[in-house]
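The residues making up each chain are set out below.
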Amino acid sequence: MEKKNIYFDHSATTQVDSAVAKKMLEYMTDKFGNASSIHSFGREAKKALEEARKQVARLINAEPTEIIFTSGGTESDNLALKGIALRNRKKGNHIISSQIEHHAILHTLEYLEENGFKVTYLPVDENAMINLEDLKNAITDETILISIMFANNEVGTIQPIKEIGKIAKEHDIYFHTDAVQAIGNCHIDVREMNIDLLSMSGHKFYSSKGTGALYVRKGVRIEAIQHGGAHERNIRAGTENIPGIVGMGLAADIARVNLDDHIKNLTKLRDKIIDTILAEIPSVKLNGHRTQRLPGLVNFSFSFIEGESLLLNLDLKGIAASSGSACTSGSLDPSHVLLSMGLNHETAHGSLRLSLGRHNTEEEVDYFLEIIPEIIDKLRKMSPLYNPSDIKVSNPCDQCINR
Amino acid sequence: MYTEKVIDHFSNPRNVGEIEEASGVGEVGNVKCGDIMRVYLKIDENDVITDAKFKTFGCGAAIATSSMVTELVIGKTVEEAFKITNKAVAEALDGLPPLKMHCSNLAADAMHEALKDYMSKKGS
Ligand SMILES: Cc1ncc(COP(=O)(O)O)c(C=O)c1O
């Protein structure tokens, strides 16, 4: 049998679309000008820069002038949080976020805490959903910013963004959302959803690494955190990465045009995986909300086994996936997201994330579904935690999860 | 990041299972860290290890080191087995990634626990 080579890790990164790559190359070799130069090379670059700004803005129903290009999701998150905090210090020092944010948010907030800001990290329920009442209760006179991610990168849960936007607006508090995983996978309308700031990252939607953008609503002032030339309206200094930006613009167009089909196709594949796994494998739990989740993302905890060994087995069979296990995170603790959802350590160690993308097929999903029971069985037979006689108890799932 | 030997032992682990009426059983690790290893030994009247089996919950390194330690001890005397260290197990696998050296390299400890279990049973 020919060796499979199946990529189910699109939440980590995506392949650059071939039309995007082609266009990027053109802006590296032929149209290589600096957008700040006044000669024809510069004007050509400047024109392409502004065209990309329009394309990115259109994807989220923003104005082109509301888009600031950055080097990626991490920078956009830093710029949003520090930019708002530093600018509004006199108004207040309180920020509300959640326990399940990406480290680009959490570690930036820790930094702000070290510098005098107070942060409330909202808890989440077992589906990784925040509670809107908790949010309302956390608001004080000092609150200047609410930052809640659009969709979680590990379990895929989509937060009630429109409702959060409404609450923020009613209290006259800025609302930032890390939409790195949602861009190109969800309908996003910053006007309808009352979003003031939104982070995105090019390499999560078929464009290159090192590209990103921050949307900042017109009239919202933020402090620059990187100083230098007068690029990006004096908010983000540094010669613009024209090839990357042009590529991200085209990727935004492609994502927008195909969004409905993309969501439909991926949701079908996702639900096939969820339904089959839950029906055919005992002692397994779906992590994240059953329906309010990213179209291509599934995350399961398989009791009695550890995630890395599962990943390695899948890799040997030609499937690339990821896990929230400590062994794969480079630390001793399993994913903070899974622990915040109330999973115990054992269950968190046994998690598997598959994130499907544009090029995945039903055939690939079927192949995964065919080989996974065998792998789980093999690892469980090896596990000292697994005692098959326990499984016969009437409600195996709860039984094991609560061990 | 793993050597070929690790991948080999991980994908075709030797001596998986339990030994009924084992001469000694040892377990180390805990669920919180994500690694638990249990080693079973069969030891004859001359203190020679005639069989070894393991059960492990853990990452690729944890499974590979467990498998390797069972291979290393079969045929050895109790005294010789006590001298096998975690480091020696890792070396027998042509090394482990640095991060795994302390977190998932406990198989020799589990084996030593099984030896101690045997000694205490024998002593009583
Ligand atoms: C939710 C979320 N935010 C931020 C980031 C960071 O983005 P980047 O890799 O572009 O810095 C990621 C990427 O993993 C992410 O998933």
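Everything numeric here is computed off the predicted structure, so don't read it as measured data.

Engineer: Which residues make up the overall build of chain B, and what are the values?
Structural biologist: For chain B, the count of helices and strands is six helices and three strands. Secondary structure elements of chain B occur, N-terminal to C-terminal, as α-β-β-β-α-α-α-α-α. By the compact-globule yardstick of 14 Å for 124 residues, chain B fits well, its C-alpha radius of gyration being 13 Å. Summarising its shape, the C-alpha atoms of chain B cover approximately 45 × 30 × 20 Å along the three principal directions.

Engineer: Describe the overall build of chain A, with residues and values.
Structural biologist: A tally of helices and strands in chain A yields 15 helices and twelve strands. The C-alpha atoms of chain A give 22 Å as radius of gyration, which agrees with the globular expectation for 403 residues (22 Å, within 12%). In terms of overall dimensions, chain A has a C-alpha envelope of 75 × 55 × 35 Å along the principal axes. Split into buried and exposed, the 403 residues of chain A put 50% on the buried side. By sequence separation, contacts in chain A at least 24 residues apart represent 71% of the contacts at least 6 residues apart.

Engineer: Provide a residue-level description of the confidence of the model for chain B, including the pertinent values.
Structural biologist: This prediction gives chain B a mean pLDDT of 93; 98% of its residues lie at or above 70. Predicted complex metrics record ipTM = 0.91 and pTM = 0.93.

Engineer: An account of the sheet that holds strand β12 (residues 351-355) of chain A is requested, with residue identities and associated values reported.
Structural biologist: Residue and element names in this part refer to chain A. As summarised here, the arrangement of the three strands in space is β9-β10-β12, forming an open sheet in which the pairing is antiparallel. Edge positions in the open sheet fall to β9 (284-286) and β12, since each of these has one partner strand only. Neighbouring strand axes in the sheet, compared pairwise and without regard to direction, differ in orientation by 25° on average. Bridging between strand β10 (residues 297-302) and β12 involves five bridges; their strand directions are antiparallel. Note on β12: the bridge partner recorded for Phe300 is Leu352.

Engineer: Can you break down the sheet that holds strand β3 (residues 49-57) of chain B residue by residue, with the values?
Structural biologist: Residue and element names in this part refer to chain B. Strand order in the open sheet formed by three strands is β1-β2-β3, and the pairing between neighbours is antiparallel. Pairing within the sheet leaves two strands with one partner each, and these edge strands are β1 (24-30) and β3. Strand-to-strand twist of the sheet, defined as the mean angle between neighbouring strand axes without regard to direction, takes the value 15°. Two strands pair when backbone bridges link them, and strand β2 (residues 35-43) and β3 are joined in this way by eight bridges, in the antiparallel orientation. From the neighbouring strand, Lys42 faces β3, where its bridge partner is Asp51. In the packing of helix α6 (residues 107-123) onto the sheet, the strands contacted are β1 and β2, and the crossing angle to β1 comes to about 140°.

Engineer: How would you sum up unusual backbone geometry? Please name residues and give values.
Structural biologist: Residue and element names in this part refer to chain A. The phi torsion at Glu232 lies on the positive side, around 45°, for a residue other than glycine. Note on placement: Glu232 falls in helix α7 (residues 232-235). Although it is not a glycine, Phe304 adopts a positive phi angle of roughly 75°. Relative to the helices and strands, Phe304 resides in the loop between β10 and α9 (307-316). The exposure class assigned to Phe304 is buried, which follows from the 23 C-beta atoms found within 10 Å.

Engineer: So what about the site of the ligand? Which residues, and what values?
Structural biologist: All names here are of chain A. In the region of the ligand, 14 residues are neighbours, and Gly72, Gly73, Thr74, Asn153 and Ser201 sit closest. In terms of residue count, the dominant contributor to the shell around the ligand is helix α3 (residues 73-87) (three residues). Within the shell around the ligand, the residues separate by chemical class into three nonpolar, nine polar and two charged.

Engineer: Can you tell me about the interface of chain B and chain A, naming the residues and giving the values?
Structural biologist: Every contact between the two is made by 19 residues of chain B and, on the other side, 21 residues of chain A. Breaking the side of chain B that touches chain A down by element, the ones donating at least two residues are α1 (4-11), β2, β3, α2 (60-73) and α5 (98-103) of chain B. If you tally residues by element for the side of chain B that touches chain A, the top one is β3 of chain B, at three residues. Classifying every residue of the side of chain B that touches chain A gives eleven nonpolar, five polar and three charged.

Engineer: Go over the domain arrangement of chain A, please, and point to the residues and values.
Structural biologist: Residue and element names in this part refer to chain A. Entries for chain A in the domain assignment read domain 1 (6-12 + 259-401) and domain 2 (18-256). Computed from C-alpha coordinates alone, the two centres of domain 1 and domain 2 are separated by 30 Å. The interface is formed by 20 residues belonging to domain 1 together with 22 residues belonging to domain 2. Elements with a contribution of two residues or more to the side of domain 1 that touches domain 2: β10 and α11 (336-340).

Engineer: How would you explain the pairing of strand β7 (residues 197-201) of chain A if you had to name every residue and give the values?
Structural biologist: Sheet faces and side chains relate simply in a regular strand, where the side chains alternate between the two faces. All names here are of chain A. Counting buried residues in β7 gives five out of five residues, a clear majority hidden from the surface. Residue alternation in β7 divides its side chains into two sets, Leu197, Ser199 and Ser201 and Leu198 and Met200, and both sets are buried. As defined by bridge partners, strand β6 (residues 174-178) adjoins β7 across three bridges and the pair is classed as parallel. Of the residues in β7, the one forming a bridge with His176 is Leu197. Pairing of β7 with strand β8 (residues 212-216) involves five bridges; the strand directions are antiparallel. Paired with Leu197 across the bridge in β8 is Val216.

Engineer: Describe the pairing of β12 of chain A, naming the residues involved and giving the relevant values.
Structural biologist: Of all five residues that make up β12 of chain A, five are buried, and the element is covered over most of its length. Of the two faces of β12 of chain A, the one carrying Ser351, Arg353 and Ser355 of chain A and the one carrying Leu352 and Leu354 of chain A are both buried.

Engineer: I'd like a rundown of the environment of Val16 of chain A, residues and numbers included.
Structural biologist: Residue and element names in this part refer to chain A. Its place among the elements puts Val16 in the loop between β1 (6-7) and α1 (18-29). On the neighbour-count criterion, Val16 (18 C-beta atoms within 10 Å) is partly exposed. Excluding its chain neighbours within four sequence positions, the residues that come into contact with Val16 are Ala21, Tyr206, Ser207 and Ser208.

Engineer: I'd like to hear about the packing of α2 of chain B against α6 of chain B, residue by residue, with values.
Structural biologist: Residues and elements named next belong to chain B. Their axes nearest at 8 Å, the elements α2 and α6 cross at an angle of 50°. As the angle between them shows, α2 and α6 are arranged oblique. Here the hand of the crossing between α2 and α6 comes out right-handed. Contact residues: α2 offers Thr65, Ser66, Met68, Val69 and Val73, while α6 offers Ala107, Ala108 and Met111. A breakdown of the residues in the contact of α2 with α6 according to their chemical character gives six nonpolar, two polar and no charged.

Rules behind the numbers
- Residues numbered from 1 in each chain as written.
- Chains lettered and ligands numbered in written order.
- Predicted model: local features only at pLDDT ≥ 70, side-chain atom pairs only at ≥ 80, totals over all residues.
- Helix = DSSP H or I, 4+ residues; strand = E, 2+ residues; numbered from the N terminus.
- Rg over C-alpha atoms; globule rule 2.2 N^0.38 Å.
- Buried ≥ 20, exposed ≤ 12 C-beta atoms within 10 Å, placed from the backbone.
- Contact = placed C-beta atoms within 7 Å.
- pLDDT = per-residue confidence, 0-100.
- Pairing = 2+ DSSP bridges.
- Axes fitted to C-alpha atoms, helices over the stretch in contact; angles between N-to-C directions.
- Near = placed C-beta within 6 Å.
- Nonpolar A, V, L, I, M, F, W, Y, C, P; charged D, E, K, R; others polar.
- Domains from an automatic or database assignment.
- Parallel < 35°, antiparallel > 145°, perpendicular 65-115°, else oblique.
- Left-handed = near helix turned anticlockwise from the far one by under 90°.

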